[in-house]
Amino acid sequence: MKLAAFSTSLITGLLLSATSHALVITPENNGTNLANTILGSGITVSNVSYTGANGASGSFTGGNSSGLDIDKGIVLSSGKAATAGGTNNTTSATTDNGAVGYAPLTLLAGADTHDATVLGFDFEFDGGLGGDLFFNFIFGSEEYLEWVNKGFNDVFGFFVDGVNTALIPGTSTPISVDNINTTTNSSLFVDNTGGTYSTQMDGFTKSMQINLKGLSAGKHTMEFAIADTGDYILDSWIFIEAESFSNEPTTDVPEPGSLILFGLGLLGLGFVRSRK
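Counting restarts for each chain, with residues numbered from 1 along the sequence as it is written. Given that this is a predicted model, residues contribute local features only at a pLDDT of at least 70 and side-chain atom pairs are listed and counted only at 80 or more, while totals for whole chains, interfaces and linings are drawn from all residues. To get the side-chain values, take all heavy atoms of the structure and skip hydrogens and water.

Enquirer: Any details on the packing of aromatic side chains? Residues and values, ideally.
Expert: By convention, a stacked pair of Phe, Tyr or Trp rings (six-membered ring in the case of Trp) has centres within 6.5 Å and planes under 30 degrees apart, an edge-to-face pair has planes over 60 apart, and any other such pair is tilted. The final tally for this structure, using the stated rule, is 16 aromatic pairs. Taking the centre distance of 6.1 Å and the plane angle of 50° together, the rings of Phe121 and Phe224 count as tilted. Here Phe224 lies in strand 12 (residues 220–229) and Phe121 lies in strand 5 (residues 113–125), a separation of 103 residues in the sequence. Of the two residues, Phe121 and Phe224, both sit in the buried class. An angle of 75° between the planes, with centres 5.2 Å apart, marks the rings of Phe135 and Phe224 as edge-to-face. Of this pair, Phe135 sits in strand 6 (residues 131–141) while Phe224 sits in strand 12, placing them 89 residues apart in sequence. Three labels apply to residues, based on accessible area from a 1.4 Å probe with only protein chains included: buried if under 20% of the type maximum, exposed if over 50%, partly exposed otherwise in between. Residue classification places Phe135 among the buried positions, given a relative accessible area of 0%. Among the aromatic side chains, those forming a connected cluster through ring pairs are Phe121, Phe123, Phe125, Phe135, Phe137, Phe139, Phe156, Phe158, Phe224 and Phe245. Segments assigned H or I by DSSP are reported as helices when at least four residues long, segments assigned E as strands when at least two residues long, and all are numbered from the N terminus.

Next comes the structure, spelled out in structure tokens:
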């Protein structure tokens, strides 16, 4: 049986000292503030919405000194955003928010989702023209490594006009615990089960870049969403770089983590998660 090793109250207490570590996460549930943090050049956003439990999202600094390829930005979680801070002193950091899931993520996962956090807004390119969309991100999870290929995949998606763009570079395969790890697409993965880096996450991806070419003029919709799948435990996170949601790429994304994801295609993950 998959069990949480720590209670919510204990983990919350441990993380009160997170500011003493390199990765500093400040809780933030205001959708407009979150959207403005990642907004870069050439794009205007409007009609911002946010759904998530108290503390499930925030802003962060000090990513580079903690082993992340992104230094600052926002983080959305299926538990508590701040849990990703500190050091890796447990393989089972978790917060059960008791929150509902999100239908598009349920479709991707092929199983019920819970504890969803969703940041959405409309965006359009300045000047009334079409353009290219870029943003940079990292995915991390406590599901690593003990739950790889065991059906416990938390799910996330980046939905542009309703289509998921969170795909492994050059493929139509959604990014997930099973699809990026020490044995599959390992060049994209950072193993932190030994606590090498100053973050609670047991594993995380290298920095990747979404690049959508030739979007039309007018308003488009954007949703960043993450959730637990099948149960409410073991947190996962998506980190989105500050000022990278832009009509041109940022120049400070480290290599080889800087990758371009082309194309749109709403595909199911095909994983069914069940409590064992």
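Enquirer: A description of the side chain of Asn164 should follow, citing residues and the corresponding values.
Expert: The topology assignment puts Asn164 in strand 8 (residues 163–164). Residue classification places Asn164 among the buried positions, given a relative accessible area of 0%. Under the rule applied, a polar contact is a pair of N or O atoms within 3.5 Å (in protein, one hydrogen donor and one hydrogen acceptor; residues adjacent in sequence only if both atoms are side-chain atoms). A polar atom in the side chain of Asn164 sits 3.0 Å from the backbone nitrogen of Phe158.

Enquirer: Account for the sheet that holds strand 12, with residues named and values stated.
Expert: Read from one edge of the open sheet, 5 strands run 2-5-12-7-8, paired in antiparallel fashion. Strands at the two margins of the open sheet, each flanked by one partner only, are strand 2 (43–51) and strand 8. Here, strands pair whenever DSSP counts at least two bridges between them. Pairing of strand 7 (residues 155–160) with strand 12 involves 6 bridges; the strand directions are antiparallel. Note that in strand 12 the partner of Phe159 across the bridge is Glu223.

Such coordinate-based values are descriptive only and should not be taken to indicate function.
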